[in-house]
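# Notes for the structure review
Residues per chain are reported as follows:
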Amino acid sequence: MAKTQVRGEVVFPAGTPSFGGAEMIIRIEDVGLLGMPAQVISEKNASNIAYQGAPLSFSVDSDFPESGGSYNLSVHIRTRGGSDINKGDFITKRGYSISSNDRLDNLRIEVEVV
């Protein structure tokens, strides 16, 4: 396995009001096996997140298998607590494919409100 640090910023839709006390969950999943559920290979949770109009920075360490593969990065910002996706949360709605061969230090991940 190759240890890699994935870094970037989470970008919110224009006009998103400021908020605080949220939780940010970043997941990297192995999506390389067709017909099989994605396997989480890395996850990072950050609590007490505040949004003040500027993108939020993130960093997560991941172990990518040496052989490469297909991976997806997703973001969930929980604004009201709980474990499910709720109205008012922010999530990635499109796939962000990443590879251990990519440059992974300047990702721009867009989220949308649920």
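This report concerns the structure included in the present document. In this numbering scheme, every chain counts its residues from 1 along its sequence in written order. Since the coordinates come from a predicted model, pLDDT governs what is reported: local features require at least 70, and pairs of side-chain atoms require 80 or more to be given and counted, while whole-chain, interface and lining totals use all residues. No hydrogens and no water enter the side-chain calculation; it runs on all heavy atoms of the structure.

Moving on to the side chain of threonine 92. Looking at the secondary structure, you find threonine 92 in the loop between strand E6 (90-91) and strand E7 (96-98). Buried means the residue's accessible area, taken with a 1.4 Å probe over protein chains only, is under 20% of the maximum for its type, while exposed means over 50%, and partly exposed covers the values in between. Note on threonine 92: relative accessible area 14%, which makes it buried. With near-sequence residues (within four places) excluded, threonine 92 lies in contact with Ser74, Val75, Ile109, Glu110 and Val111. Only DSSP runs of H or I with at least four residues qualify as helices, and only runs of E with at least two residues qualify as strands; both kinds are numbered from the N terminus onward. Should any heavy atoms of two residues lie within 4.5 Å, those residues are considered in contact.

A separate point is the pattern of salt bridges. Note on definitions: salt bridges are taken to be side-chain nitrogens of Lys or Arg within 4 Å of carboxyl oxygens of Asp or Glu. Going through the model one piece at a time under the given rule, you end up with 5 salt bridges. The partner of arginine 78 in a salt bridge is glutamate 23, and the shortest N-O contact between them spans 2.9 Å. Of this pair, arginine 78 sits in strand E5 (residues 71-78) while glutamate 23 is found in strand E2 (residues 19-30), placing the two residues 55 residues apart along the sequence. The exposure class assigned to glutamate 23 is partly exposed, which follows from its relative accessible area of 22%. Residue arginine 27 is joined to glutamate 43 by a salt bridge in which the shortest nitrogen-to-oxygen separation is 2.6 Å. One end of the pair, arginine 27, is in strand E2; the other, glutamate 43, is in strand E3 (residues 39-51), and 16 residues separate them in sequence. Given the relative accessible area of 26%, arginine 27 is considered partly exposed. What makes glutamate 43 partly exposed here is its relative accessible area of 41%. Connected through salt bridges with shared partners, the residues Glu9, Arg108 and Glu110 form a single ionic network.

A few words now on the environment of aspartate 89. As for its position among the elements, aspartate 89 is in the loop between E5 and E6. Along the primary structure aspartate 89 and glutamine 39 are separated by 50 residues, whereas in three dimensions their C-alpha atoms are 23 Å apart. Here a polar contact means two N or O atoms within 3.5 Å. Within protein one must be a hydrogen donor candidate and the other an acceptor candidate, and residues neighboring in sequence count only if both atoms are side-chain atoms. A polar atom in the side chain of aspartate 89 sits 2.8 Å from the side chain of histidine 76.

It is worth spelling out the pairing of E2 at this point. Any two strands between which DSSP finds at least two bridges are classified as paired. Bridge count between E2 and E3: 9 bridges; the pairing is antiparallel. Across the sheet, phenylalanine 19 pairs through a bridge with tyrosine 51, a residue of E3. Two elements, E2 and E5, share 8 bridges in a ladder whose sense is antiparallel. Bridge pairing links isoleucine 28 to leucine 73 in E5.

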